Amino acid sequence: LYLALALVAVVIAWAVGGRVGRAFADDVALATRELEASGVAEVLRGGRIRGDARFQSVAALLRAADEMGGVFREFASAQKRAIDARAATERMRGLFLASMSHDLKAPLNAILGFGELVARGRLTDGQRESVVIIEQRGRELLYLIDTILDAARVEAGELTVSPEWSRVGDVVMPAVLDARELTAGLGVDITGEIQPGVPRILVDVTRLTQGLTAIILVATRFAEKGHVGVRAAMPAKGEQMRIDVEVTGRGISAADREKIFDAFKHADRARRHGSLGLGPSLARSIVELHGGGIDVETTEAGGTVFHVWVPSERGASRG
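Residues numbered from 1 in each chain as written. Predicted model: local features only at pLDDT ≥ 70, side-chain atom pairs only at ≥ 80, totals over all residues. Heavy atoms only, no water.

Take the pattern of salt bridges next. Oppositely charged side chains are able to pair whenever their charged atoms sit close together. Following the criterion strictly, the structure yields eight salt bridges and no others. A salt bridge links Arg139 to Glu181; the nearest nitrogen and oxygen atoms lie 3.9 Å apart. On the criterion of sequence distance, the pair formed by Arg139 in helix H5 (residues 125-156) and Glu181 in helix H6 (residues 169-182) is long-range, its members being 42 residues apart. A salt bridge links Arg231 to Glu246, with the shortest nitrogen-to-oxygen separation between them at 2.6 Å. Of this pair, Arg231 sits in strand S4 (residues 227-233) while Glu246 sits in strand S5 (residues 240-247), placing them 15 residues apart in sequence. (Salt bridge = Lys/Arg side-chain N within 4 Å of Asp/Glu carboxyl O. Helix = DSSP H or I, 4+ residues; strand = E, 2+ residues; numbered from the N terminus.)

When you line up the elements, Gly279 lands in helix H10 (residues 278-289). When its relative accessible area of 14% is taken as the criterion, Gly279 is described as buried. With 19 residues separating them along the chain, Gly279 and Ile260 place their C-alpha atoms 9.5 Å apart. Contact partners of Gly279, with chain neighbours within four places excluded, come to Thr147 and Ala214. (Buried < 20%, exposed > 50% of the residue type's maximum accessible area, 1.4 Å probe, protein only. Contact = heavy atoms within 4.5 Å.)

A few words on the pairing of strand S7 (residues 304-311). Counting buried residues along S7, seven of its eight residues qualify, which places the element largely inside the surrounding structure. Both strand S6 (residues 293-298) and S7 contribute to a ladder of six bridges, which runs antiparallel. Each bridged residue has a counterpart across the sheet, and for Gly293 the counterpart in S7 is Trp309. Counting the residues that bridge the hairpin from S6 to S7 gives five residues, and of these Gly302 lies at a positive phi of roughly 95 degrees. (Pairing = 2+ DSSP bridges.)

Its 32 residues give H5 an end-to-end C-alpha distance of 47 Å, which sits within 8% of 46 Å, the value for a rise of 1.5 Å per residue. Of the residues making up H5, those classed as buried are Val131, Glu135, Gln136, Gly138, Leu142, Ile145, Thr147, Leu149, Asp150, Ala151 and Ala152. The positive-phi residue at the C-terminal boundary of H5 is Gly157, with phi of around 70 degrees. (Expected span 1.5 Å × (residues − 1).)

Membership of the largest hydrophobic core comes to 37 residues, with the highest contact counts inside it found for Leu212, Ile216 and Val245. By residue number, the principal contributor to this core is helix H7 (residues 205-223), which donates ten residues. Excluding residues that lie within four positions of it along the chain, Ile216 makes contacts with Ala175, Val176, Ala179, Ile190, Val228, Val230 and Val245. (Core = buried A, V, L, I, M, F, W, Y, C linked by side-chain atoms within 4.5 Å.)

What follows covers the sheet that holds S4. As summarised here, the arrangement of the five strands in space is S2-S4-S5-S7-S6, forming an open sheet in which the pairing is mixed. At either margin of the open sheet sits one strand with a lone partner, and together these are strand S2 (189-194) and S6. On average, each strand axis in the sheet is tilted by 15 degrees relative to the strand beside it, whichever way the strands run. Here H7 sits on the sheet and contacts S2, S4, S5, S6 and S7; the angle it forms with S5, its principal contact strand, is near 25 degrees. Relative to the sheet, H10 contacts S6 and S7, its axis offset from that of S6 by approximately 125 degrees. (Axes fitted to C-alpha atoms, helices over the stretch in contact; angles between N-to-C directions.)

Structure representation (structure tokens):
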């Protein structure tokens, strides 16, 4: 009797277990089909995972997957809004550049032109001094506007260069003269020197002159009525031309050397030295677009020297 009862219990358990197993397998197959059908496109359209599972564990799995789809939809929507906002920012940047170029540079150029005309006439010493101040500050403002515009172009990835084989003097001497005009009255002596027999360099003369001028201006802020020397020389070893901008006197501290190329990031230094940091940051970007680089180090006399490296004819001939 006991043996018969045990056999009946085993048969009943086998039948019930088989039915439960098949039901669970059906629920798992249902969950698999629903998850496979709910692709990225379907989730983004707002489709929901449906299915009436009989087992609580499988139903919980489907609900969790459906909730995850909702989170994904929210994330995708936020990403789309961010992309749209970035596109709007880029459009505003373009409008800003165009507006700044026309609305600020045009009237400023007119002011400088009329200042030059006034300076040609008969003026008293006081009047001539006033006209000189107007021209000086106007040139400084024009330089600042150009720097802001080009820094914005760098950030937008729109600043380009057109390198051509050029003489080093076509870059160094114009940069020295521009820096002298922009620092008139500061009592800083700026000189330029070019080593004889240097090879030509592959650069965009206008852009590299702009970058070198920015480096010289940075050097003058730290010179404190000292001297800034600009020297172009070809190292005995290496394939790039080196243009040194050396500051005599106090020079630049090690802490400032680490921060000098970071635009807008160090307000205390900017207020102390009268610079937003745009100039050196722009200069580094221009030099790097040429395939060169800028580094800074302390001289034996305690001053500071900027090394500007640009491609030369020697490197091209070896290549």
